[in-house]
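Here's the letter readout for the chains.
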Amino acid sequence: MADSLKRSDENQEESNSSKKLKSAPATDKNSGGDGPVQQNILANFQIKSVLRDSTREKTIFIHGELEDKEAIVILEKTPIGQDTLPDMLKESTLELKMKNDIYSTYTLIPPPRINDIKSTVICPATQKHVKKYQAQDVFLVEETEEDYRSITLPYIESQSFSVQWVYNILEKKAEADRIVCEDPDPKTGFVLLPDFKWDMNQLEDLYLIAIVHRRDIKSLRDLRAEHIPLLENIRKKGQEGILKRFDVPACKLRVYLHYQPSYYHLHVHFTSLSHDAPGCSVERAHLLSDVILNLKADPLYYQQRPLTFPLRADDNLAAKFRESGKLPSC
Ligand code: M7G
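Residues numbered from 1 in each chain as written. Predicted model: local features only at pLDDT ≥ 70, side-chain atom pairs only at ≥ 80, totals over all residues. Heavy atoms only, no water.

Caption draft 1: Structural detail: the overall build of the protein. The helix and strand tally for the protein stands at nine helices and 14 strands. Counting over 330 residues, the protein shows a buried share of 44%. Counting only contacts in the protein whose residues sit at least 6 apart along the sequence, the fraction spanning at least 24 positions is 63%. Of the roughly 17700 Å² that the protein leaves accessible, carbon and sulfur atoms contribute 53%. (Helix = DSSP H or I, 4+ residues; strand = E, 2+ residues; numbered from the N terminus. Buried < 20%, exposed > 50% of the residue type's maximum accessible area, 1.4 Å probe, protein only. Contact = heavy atoms within 4.5 Å. Areas by Shrake-Rupley, 256 points an atom, 1.4 Å probe, with all protein chains shown as cover.)

Here you go:
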């Protein structure tokens, strides 16, 4: 049953370890899912502003203060999921909202244990985090090789997000028990683990990331033909690891890189094809298979070709492109 975390008997061992991963306590080394009930730190969260309230994504992004530190809190209504359906239908209370001919609408109030809200806390948050989650106009930019050298690269070097969380994962200082598979090879190796956007409650919104061990590749722009073995290794072992652990075959996975990424340490996104994951649209996502083919056809494809990507109006990189006359001030 591919659309559920339930798996076949021969995969039961991995299934158990996947459940263990969910029920492990949330410590620094170990930040797995259904951990012990914690003191509700959010009770003291002082709301400053709602950055974005997406009714489509059923997600609200809030900026505020937590223990005198700037913080972002993201609250997301989780998908219902097929596994909880029977309990939900049996155990909920139902309030009639309206009835007209054959049509009726209700508010269904499920019991708390199947009514969870995925909550992400970033604290201390920087101004850049605040901007990342704020609703904004977006513009497309076409970046040439020269633009990358003179505008984007200096920007990345001066003000990109810290990738300390990435190093913590690679050095097993955080999320160590969430690792799905790892290849330790310093040149072609990587760590595959659940993305923090995925609560691991159901496979419908499966989302993992493969983070490379080597630290010299910032993004798609740095990829050359010499990196093909690394990329092929990530694709092959990443797909195998996901099949083994979650029983989801390669043909149901969308495997891609972002350009521009938020974090400039090479990583690859693995999402369920059925999930409309944030950032999987054509202006930002580059399918790993296409990237490999492009590099085989032209070893310097990503160094020399103009690359198009979206930028938010208030992004500092957008300001740099505007200053260079590359982005209209509309
Ligand atoms: P990206 O393409 O650099 O940027 O992807 P995006 O966030 O705009 O998509 C980085 C990916 O890493 C995203 O999918 C994040 O959700 C994920 N991510 C970010 N952080 C800080 C963490 C983390 O601490 N742990 C895990 N597991 N994933 C993270």
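Caption draft 2: Here's a closer look at the side chain of Arg221. Inspection of the secondary structure puts Arg221 in the loop between β10 (207-212) and α6 (228-246). Look at Arg221 and you get buried, because its relative accessible area is 2%. A polar side-chain atom of Arg221 sits 2.8 Å from the main-chain carbonyl oxygen of Arg305. When residues no more than four places from it in sequence are discounted, the contact partners of Arg221 are Glu143, Thr144, Glu145, Tyr148, Tyr259, Tyr302, Gln303, Gln304, Arg305, Pro306 and Leu307. (Polar contact = N/O pair within 3.5 Å; in protein donor to acceptor, adjacent residues only side chain to side chain.)

Caption draft 3: Seen up close, the site of the ligand. Near the ligand lie 17 residues; those nearest to it are Glu175, Asp195, Lys197, His258 and Ser262. In the model, an oxygen atom of the ligand is placed 2.8 Å from a nitrogen or oxygen of the Lys132 side chain. For the ligand, whose free accessible area comes to 590 Å², the fraction covered by protein is 92%. Considering only residue class, the shell around the ligand consists of seven nonpolar, four polar and six charged. (Near = heavy atom within 4 Å. Nonpolar A, V, L, I, M, F, W, Y, C, P; charged D, E, K, R; others polar.)

Caption draft 4: Fine view of the environment of Tyr207. Position of Tyr207 relative to the elements: it lies in strand β10. Leaving out residues up to four positions away in the same chain, Tyr207 has contacts with Pro194, Asp195, Lys197, Trp198, Tyr256, His258, His269, Phe270, Thr271, Ala277 and Pro278. For Tyr207, the side chain forms a polar contact with the side chain of Lys197, separated by 3.2 Å. Within the structure, Tyr207 has its side chain in polar contact with the side chain of His269 (distance 2.7 Å).

Caption draft 5: The side chain of His265, seen in detail. As for its placement among the helices and strands, His265 is situated in the loop between β11 (253-258) and β12 (267-272). There is a polar contact of 2.7 Å between the side chain of His265 and the backbone oxygen of Val212. Aside from chain neighbours lying at most four places away, what touches His265 is Val163, Val166, Tyr167, Leu170, Ile211, Val212, His213, Arg214, Arg215, Ile217 and Lys218.

Caption draft 6: Seen up close, the packing of helix α4 (residues 145-159) against helix α9 (residues 316-323). Where α4 meets α9, the axes come as close as 10 Å, and the angle between the chain directions of the two elements is 150°. Relative to α9, α4 is oriented roughly antiparallel. As for the relative orientation of α4 and α9, their crossing is right-handed in sense. When α4 is examined against α9, the residues Asp147, Ile151, Thr152, Tyr155 and Gln159 are found in contact with a partner set consisting of Asn316, Leu317, Lys320 and Phe321. Of the residues contributing to the contact of α4 with α9, the split by class is four nonpolar, three polar and two charged. (Axes fitted to C-alpha atoms, helices over the stretch in contact; angles between N-to-C directions. Parallel < 35°, antiparallel > 145°, perpendicular 65-115°, else oblique. Left-handed = near helix turned anticlockwise from the far one by under 90°.)

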